[in-house]
Every structure is written in structure tokens, then in C-alpha cells.
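Residues per chain, in single letters:
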Amino acid sequence: EECGEPPFDQPTIPDGGASEAEQIREARNAVVAYSAKVDEYLACMDSRGAKLLSYMTKEQQARWSEDLADLHESRRELQNQMNLAIRAYRRKQQNN
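Draft legend 1. Representation of helix α2 (residues 58-95). Here α2 is 38 residues long and its end C-alpha atoms lie 55 Å apart, about the 56 Å a rise of 1.5 Å per residue gives. Buried within α2 are the following residues: Trp64, Leu68, Leu71, Arg75, Leu78, Met82, Ala85, Ile86, Ala88 and Tyr89. Summarising the contacts, the buried residues of α2 are in contact with α1 (21-52).

Draft legend 2. Quick peek at the state of the cysteines. Enumeration according to the criterion identifies one disulfide in this entry. Between the sulfur of Cys3 and that of Cys44 lies a disulfide, 2.0 Å long from S to S. Looking along the S-S bond of the Cys3-Cys44 disulfide, the torsion reads about -85°, which is the left-handed sense. With a gap of 41 residues between them, Cys3 in the segment before α1 and Cys44 in helix α1 connect regions that are remote in the sequence. For the pair Cys3 and Cys44, one class covers both residues: buried.

Draft legend 3. Here's a closer look at α1. The terminal C-alpha atoms of α1 lie 46 Å apart, and with 32 residues this matches the ideal 46 Å at 1.5 Å per residue to within 8%. Every buried residue of α1 is accounted for by Ile24, Ala27, Val31, Tyr34, Ser35, Val38, Tyr41, Leu42, Cys44, Met45 and Gly49. In this structure, the buried side of α1 is in contact with α2.

Draft legend 4. Focus on the nonpolar core. Judged by nonpolar contacts, the single largest core of 19 residues is most densely connected at Ile24, Tyr41, Met45, Leu68, Leu71 and Met82. Of all the secondary-structure elements, those providing two or more residues to this core are α1 and α2. When residues of this core are assigned to their parent elements, the largest contribution, nine residues, is made by α1. Residue contacts for Met45: discarding those within four places in its chain leaves Cys3, Trp64 and Leu68.

Draft legend 5. Highlighting the pattern of salt bridges. Counted by the stated rule, this structure contains six salt bridges. Across the pair Arg48 and Glu2 runs a salt bridge, and its minimum N-O distance is 3.3 Å. Of the two residues, Arg48 is situated in helix α1 and Glu2 in the segment before α1; the sequence distance between them amounts to 46 residues. Assessed through its relative accessible area of 64%, Glu2 is described here as exposed.

Draft legend 6. Structural view of the packing of α1 against α2. At a minimum axis distance of 10 Å, the contact between α1 and α2 shows a crossing angle of 165°. Considering the angle they form, α1 stands roughly antiparallel to α2. Between α1 and α2 lies a crossing of left-handed hand. Among the residues making up the contact of α1 with α2, the classes are represented as 18 nonpolar, four polar and five charged.

How each quantity is defined
Residues numbered from 1 in each chain as written. Predicted model: local features only at pLDDT ≥ 70, side-chain atom pairs only at ≥ 80, totals over all residues. Heavy atoms only, no water. Helix = DSSP H or I, 4+ residues; strand = E, 2+ residues; numbered from the N terminus. Expected span 1.5 Å × (residues − 1). Buried < 20%, exposed > 50% of the residue type's maximum accessible area, 1.4 Å probe, protein only. Contact = heavy atoms within 4.5 Å. Disulfide = S-S within 2.5 Å. Core = buried A, V, L, I, M, F, W, Y, C linked by side-chain atoms within 4.5 Å. Salt bridge = Lys/Arg side-chain N within 4 Å of Asp/Glu carboxyl O. Axes fitted to C-alpha atoms, helices over the stretch in contact; angles between N-to-C directions. Parallel < 35°, antiparallel > 145°, perpendicular 65-115°, else oblique. Left-handed = near helix turned anticlockwise from the far one by under 90°. Nonpolar A, V, L, I, M, F, W, Y, C, P; charged D, E, K, R; others polar.

And the structure:
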């Protein structure tokens with residue numbers, strides 16, 4: 001089972017305080033789509049890892065785990081940035 005390359009096409013998060021509703025909506029949709037690709041990749045790699053990990057050295061296993069954890073953490077950071085942008089956008093709307 002080939003999982004391909006991990007998704008590297010992270011969307012850009014707009015400045016929530018200077019964005020229009022459509023920009024926020026598009027960015028949020030892009031983050032959701034990216035997150036789904038990450039989930040798909042991680043699920044594939046988990047399935048693949050179940051078959052391959054027993055053949056790997058301890059160092060290879062550690063690298064495998066670190067790479068997947070890094071991708072997950074990067075995605076979580078992107079989601080947090082999106083949430084901050086949405087909050088900034090909402091604050092701007094309340095102050096207008």
C-alpha cells in the first residue's frame with residue numbers, strides 16, 4: 001500500500017482583523033480540506049506501519065513516529081492559527 005508524499009500544501013491563513021467574510025470562509029474550507037488529506041495520509045501510514053514497523057530498526061521506528069507526529073503537530077498549529085483568525089474577524093465585526 002503506497003501512501004504517497006505527505007500533504008505539504010498548507011493553506012495560507014489570512015489576517016482575520018483585515019479580512020472579509022469570504023476570505024475567512026475560503027481559508028476555513030481550505031484548512032478543513034487540508035486536514036482531511038492529513039487524516040487520510042496518517043490513516044494510510046498507520047495501516048502501512050502495522051505491516052512494516054516490525055522490520056525496522058529502533059532508529060527507523062523512531063524516525064517514522066517523529067515524522068508522523070510532526071505532520072500532526074503542524075496541522076494542529078494551522079488549525080489554531082485559523083481559529084485565531086476567525087476570532088479576530090469576529091472581534092472586528094463586533095466593533096463595527
